[in-house]
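# Analysis of the macromolecular model
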Amino acid sequence: MAEKSEIAIIHSYTMLSRISLRIRANNLLKPSSLSYHTSIVEHYENPRNVGSLDKTSSSVGTGLVGAPACGDVMKLQIEVDDHGVIQDSKFKTFGCGSAIASSSVATSWIVGKSVDEVLTIKNVDIAKHLKLPPVKLHCSMLAEDAIKAAVRDWKGKQEELLKN
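Every chain's residues receive numbers from 1 upward, in the order its sequence appears when written. Whole-chain, interface and lining totals are the exception, using all residues; otherwise, since this is a predicted model, local features are given only for residues with pLDDT of at least 70 and side-chain atom pairs are given and counted only at 80 or more. Values reported for side chains reflect all heavy atoms of the structure, with hydrogen atoms and water molecules removed beforehand.

### Quick look at the sheet that holds strand β2 (residues 72-80)
The cut-off we apply is this: Should DSSP find at least two bridges between two strands, the strands are regarded as paired. Strands here mean DSSP runs of E at least two residues long; helices mean DSSP runs of H or I at least four residues long; both are numbered from the N terminus. Axis lines are fitted through C-alpha atoms, for helices just across the contact stretch, and the angle between N-to-C directions can take any value from 0 to 180 degrees. Between two residues, a contact is recorded if the distance between any of their heavy atoms is within 4.5 Å.
An order of β1-β2-β3 is seen for the three strands of this open sheet, with the pairing classed as antiparallel. Because the sheet does not close on itself, it has two edges, and the strands there are β1 (60-67) and β3 (86-94). Adjacent strand axes in the sheet meet at a mean angle of 15 degrees, parallel and antiparallel pairs treated alike. Pairing analysis gives eight bridges linking β1 to β2, with the strands arranged antiparallel. When the sheet's bridge partners are listed, Thr62 is paired in β2 with Gln77. Strand contacts of helix α3 (residues 97-110): β2 and β3, with the helix running at about 175 degrees to β3, the strand carrying the most contacts. Packed onto the sheet, helix α6 (residues 137-163) meets β1 and β2 and runs at close to 145 degrees relative to β1.

This is how it looks when you write it as structure tokens:
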């Protein structure tokens, strides 16, 4: 029963966020400082790689991070092959449009790269790509932290496999 109410709350929050984001993107709210760049709107309205991978798989690393100040929560998962190359990435984010867009960009960028290579992706790269306003930089920081957490989780699973 609690799950249905949680889903209803998330759905309501998502719908309100989308309406607000569209209004701001279309410059229907003044002042213009409330506007979102089209790259944020594009990744928010058409997010890439939404979903989940099997967290019990030894080839999957999961990063779960949150920002207590704003309530954003981001789960980012990676599926890594035997050569250490990320074959797939998924995310689920509960948060604002900038957090969802940051997750979408992060998961798009990491597929096809090695686990060591993705650790070089910095929040400023994501923020610059999306043209995030300064008050939304924490969203790109969450994405960077989620990538690091997913890699750390995957590496931990690999170490466990070597022990056994």
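Picking up where we left off.
### Comments concerning the state of the cysteines
Basically, it comes down to this: Only a pair of cysteine sulfur atoms within 2.5 Å counts as a disulfide in this structure description. With a 1.4 Å probe rolled over the protein chains alone, any residue whose accessible area is under 20% of its type maximum counts as buried; one over 50% counts as exposed, and the rest are partly exposed.
Applying the stated criterion across every chain yields a total of zero disulfides. Between Cys96, a free cysteine, and Cys139, which holds the nearest cysteine sulfur, the sulfur-to-sulfur gap is 3.6 Å. Taking relative accessible area as the criterion, Cys96 reaches 11% and is therefore assigned buried. Owing to a relative accessible area of 0%, Cys139 belongs among the buried residues under this scheme.

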